[in-house]
Amino acid sequence: MARVGYVPLMGGNARNDMEMSTSGGPAPGLSVVAPMLNEAGGAAALVAEIAAALSHMDHEIIIVDDASADDTLVVLKKAQDQFPQLRIISHEKNAGQSRALRTGVLAARGAVTAMLDGDGQNDPADIPALLVKFDESGADMVAGERVARKDRAAKKWASRAANALRRRLLRDGSADTGCGLKVFRRDAYLNLPYFDHMHRYLPALMKREGYSVIFAPVGHRARAHGRSKYSNFGRLVVAFRDIFGVLWLLARAKNPGKITESARK
């Protein structure tokens, strides 16, 4: 039986430490979460692309505005007139991509979550193929790996260096953990330890908890609006620091094997 609700579009919420409104009715088949910071130029277009890619199924789109200083929030509110499945959650203060993603997943009503970057470089048209792999494989997460990347040469070099170091140390099987496009069980994600920049280590953290992860090729697009939130040097510094923290988490993990509950007599 399919784990994602492939039903025509007709139209379990967890509380966070912030006030968030949730719509009534049955949970959607899929929740799509994207963080945004100063993406006014491309926000509406990305929402429209997500809606078009998932027009065959019931879904909700959750955009988390991470305290943008431009008109991102204004643009998103206008987009709600056209896309009623769009939910907008705002951070009062900038908290970073990992916290914005966690805010979105906490607010999600669907049991399955698709995650992508809010800068438009991930193609929403890749989400249906990841959902098919998610259903057919029975995996707990399907992580995208970018092919034919459209970044500058220096950025690709920095990414390859960080990925090579991470893959050698963490042995997570991921060739591109920096790809923001992923599909996963919401409850599995919420069982992971949270820390800043955790979104770059999701395959390793999933495997730490005994969840299964598979990988699939996805496209990549040049940034059309805004600018990158990270420098190459900043990426490498954070990568070195965080990898050792993740190594500590992996070393401290204990696997209980299969967990069962005895039936009541």
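Residues numbered from 1 in each chain as written. Predicted model: local features only at pLDDT ≥ 70, side-chain atom pairs only at ≥ 80, totals over all residues. Heavy atoms only, no water.

Quick word on the packing of aromatic side chains
- By the definition in use, this model includes one aromatic pair.
- Between Phe 184 and Tyr 189, the aromatic rings sit 5.3 Å apart at their centres with planes inclined by 20°, giving stacked as the arrangement.
- The ring of Tyr 194 is capped by Arg 99, whose NZ or CZ atom sits 5.8 Å from the centre of that ring. (Phe/Tyr/Trp six-rings, centres within 6.5 Å; stacked < 30°, edge-to-face > 60°. Lys NZ or Arg CZ within 6 Å of the ring centre and 35° of its normal.)

Quick look at the sheet that holds strand 2 (residues 59-65)
- Taken in spatial order, the seven strands line up as 3-2-1-4-6-5-7 in an open sheet, and their pairing is mixed. Only two strands of the sheet have a single partner each, and these edge strands are strand 3 (86-90) and strand 7 (213-218). Direction aside, neighbouring strands of the sheet carry axes that sit 25° apart on average.
- Bridging between strand 1 (residues 30-36) and strand 4 (residues 112-115) involves three bridges; their strand directions are parallel. In the strand pairing of strand 4, Ser 31 is matched with Thr 113.
- With respect to the sheet, helix 2 (residues 72-79) is in contact with strand 1, strand 2 and strand 3, its orientation differing from that of strand 3 by roughly 155°. (Pairing = 2+ DSSP bridges. Helix = DSSP H or I, 4+ residues; strand = E, 2+ residues; numbered from the N terminus. Axes fitted to C-alpha atoms, helices over the stretch in contact; angles between N-to-C directions. Contact = heavy atoms within 4.5 Å.)

A few points about the pairing of strand 1
- Of all the seven residues making up strand 1, seven are buried; the element is thus mostly covered by neighbouring parts of the structure.
- Alignment of strand 1 against strand 2, held across seven bridges, turns out to be parallel. Bridge pairing in strand 2 links Leu 30 to His 59.
- Since strand 1 and strand 2 lie parallel, the crossover through helix 1 (residues 43-53) that links them has a hand, and here it is right-handed. (Buried < 20%, exposed > 50% of the residue type's maximum accessible area, 1.4 Å probe, protein only. Right-handed = clockwise from strand over helix to strand, strands pointing away.)

Concerning the environment of Ala 79
- One can find Ala 79 in helix 2.
- C-alpha of Ala 79 to C-alpha of Ala 44: the two residues are 35 residues apart in sequence and 6.0 Å apart in space.

Re the confidence of the model for the protein
- Of all residues in the protein, 80% have pLDDT values of 70 or greater, and the mean over the chain is 86.
- Under a pLDDT of 50 for its full length, residues 6-21 has, in the predicted model, 36 contacts with residues more than four places off or in other chains. (pLDDT = per-residue confidence, 0-100.)

Observations regarding unusual backbone geometry
- Despite not being glycine, Asn 38 has its phi angle at roughly 55°, a positive value.
- Among the structural elements, Asn 38 can be located in the loop between strand 1 and helix 1.
- Residue Asn 38 is classed as partly exposed on the basis of its relative accessible area, which comes to 31%.
- A positive phi angle, near 55°, is found at Arg 171, a position not held by glycine.
- Structurally, Arg 171 can be placed in the loop between helix 5 (153-170) and strand 6 (182-185).

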